[in-house]
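Below are the chains, spelled out letter by letter.
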Amino acid sequence: AMEDLPKNKSLGRILNYFHSQQKTTAAICHGPAALLSARNEDGSWIYNDYKMTVFSTAEEKQEENIGALNGHVLFYVQDEFQHLGGLVHVEIPWSANVIKDRELITAQNPMSDKLLAPLFLQSLIENIWVNRLSSQSQEIELEPFSPSAENVTTLFVGLKKASFTGKLSNRLVSHVEL
């Protein structure tokens, strides 16, 4: 994620498209490094002035100091985001932290996964309904979505019903069927 994705032009075009269409985009831990590939035609970063988080420089340095990386990273994503105009907020190392700003959802580290998942799913569901409403001129009231370990093990969002082994609550299925 730290070496290939920040300079991947194809990924940059995908992120630019998602950004222009306000489609939900989420990244956790080192994944936000991929956002560095998203540039405007003038070379400026499309996420300038977005509130966000990422695996912090402090966490990265701790990993380097204990030898977990067998060396040092080429750059710190937190510092690069700040340099490009991202409004970066990180919590103390290894604390869960998730930030949503417009279509972008970022999570600081692996401990943030349980906070990221429901926010990401809710945003996807809202995006589906907003797109559907814009083409149908109807009003639909959305219920807050909060999955728990008891009622969600697998989730499919899409046009086709998937065949799978797992369980979904009836409430969840009613939110995501298209």
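Residue positions are counted from 1 within each chain, in the order its sequence is given. Per-residue local features of the predicted model are confined to residues with pLDDT of at least 70, and side-chain atom pairs are confined, for both listing and counting, to 80 or more; whole-chain, interface and lining totals are unaffected and use all residues. Only hydrogens and water are set aside when side-chain values are computed; all heavy atoms of the structure are taken into account.

Quick look at the side chain of S112
- Secondary structure elements are taken from DSSP: a helix is a run of H or I of four residues or more, a strand is a run of E of two residues or more, and numbering for both begins at the N terminus. In this structure, S112 sits in the loop between β5 (104-107) and α4 (113-136).
- Exposure categories follow from relative accessible area, calculated using a 1.4 Å probe and restricted to protein chains: below 20% of the type maximum is buried, above 50% is exposed, and the middle band is partly exposed. A residue is classified by how much of its surface remains accessible, and S112, at 0% relative accessible area, is buried.
- Only heavy atoms enter the contact rule, under which two residues are in contact if any of them lie within 4.5 Å. In contact with S112, other than residues within four places in its own chain, are I28, S95, A96, N97, V98 and A107.

With respect to the packing of aromatic side chains
- Aromatic pairs are defined between Phe, Tyr and Trp rings, using the six-membered ring for Trp, whenever the two ring centres lie within 6.5 Å; interplanar angles under 30 degrees are classed as stacked, those over 60 as edge-to-face, and all others as tilted. In total, this model carries five aromatic pairs according to the counting rule given.
- Measuring from ring centre to ring centre gives 5.3 Å for Y47 and Y50, while their planes differ by 90 degrees; the resulting arrangement is edge-to-face. Taken as a pair, Y47 and Y50 share a single burial class, namely buried.
- In this structure an aromatic cluster arises from ring pairing among W45, Y47, Y50 and F81.

Concerning the nonpolar core
- Within the largest apolar cluster, 17 residues are counted, with the highest numbers of intra-cluster contacts made by L35, W45, Y47, M52, V77, F81 and L104.
- Sort the elements by how many residues they give to this core and helix α3 (residues 77-84) lands first, with three residues. Note on terminology: a nonpolar core comprises buried Ala, Val, Leu, Ile, Met, Phe, Trp, Tyr and Cys residues joined through side-chain atoms within 4.5 Å.

Structural notes on the confidence of the model for the protein
- Across the chain, each position has a pLDDT score giving the predictor's confidence in that residue, from 0 to 100. When pLDDT is averaged along the protein, the result is 81; 72% of the residues meet or exceed 70.
- Low confidence marks residues 149-178, where pLDDT is under 50. Its contacts with residues over four positions away, or in another chain, come to 38 contacts.

Focus on unusual backbone geometry
- A positive phi angle, close to 60 degrees, is found at C29, a residue other than glycine.
- Relative to the elements of secondary structure, C29 occurs in the loop between β1 (25-28) and β2 (51-52).
- With relative accessibility at 14%, the residue C29 sits in the buried group.
- Of note in the backbone geometry, N70 takes a positive phi value of approximately 55 degrees without being a glycine.
- By the secondary structure assignment, N70 is in the loop between α2 (57-65) and α3.
- We classify N70 as exposed; its relative accessible area is 75%.

Looking at helix α1 (residues 9-20)
- An expected span of 1.5 Å times one less than the residue number is assigned to each helix. Here α1 spans 16 Å end to end across 12 residues, near enough to the 16 Å set by a 1.5 Å rise per residue.
- Listed as buried for α1 are G12, L15 and H19. The arc enclosing the buried residues of α1, seen along the axis, measures out at 65 degrees, which places them on a common side.
- Identification of polar contacts relies on pairs of N or O atoms within 3.5 Å, with a donor-acceptor requirement for protein atoms, meaning one able to donate a hydrogen and the other able to accept it, and with residues adjacent in sequence counted only if both atoms are side-chain atoms. Between the side-chain oxygen of the N-cap and the backbone nitrogen of S10 there are 3.0 Å, and the N-cap of α1 in question is N8.
- Just downstream of α1, Q22 is the residue with a positive phi angle, here 55 degrees. The directions considered for the arc are those from the helix axis to the C-beta atoms.

Looking at α2
- By the burial criterion, the buried members of α2 are T57, E59, E60 and E64. Buried residues of α2, viewed axially, fall in a sector of 160 degrees; they line one side.
- Elements that come into contact with the buried residues of α2 comprise α3.

Overview of the sheet that holds β1
- A strand pair is defined by DSSP finding two or more bridges across the two strands. The three strands are arranged β1-β5-β4 in an open sheet whose pairing can be described as mixed. Both edges of this open sheet fall to β1 and β4 (98-101), since each of them pairs with a single strand only. Going from strand to strand, the sheet's axes swing by 10 degrees on average, the running direction of each strand aside.
- Across four bridges, the pairing between β1 and β5 is parallel. Opposite A27, over in β5, you have T106 as the bridge partner. Here an axis means a line fitted to C-alpha atoms, over the contact stretch when the element is a helix, while the angle between two N-to-C directions is reported on a 0 to 180 degree scale.

Some words on the environment of L36
- The topology assignment puts L36 in the loop between β1 and β2.
- The class of L36 is buried, set by a relative accessible area of 6%.
- When the C-alpha positions of L36 and N8 are compared, they lie 9.0 Å apart, and in sequence the two are 28 residues distant.
- Once you skip the residues sitting within four places of it in the chain, L36 turns out to touch P6, W45, F75, E80, F81 and L84.

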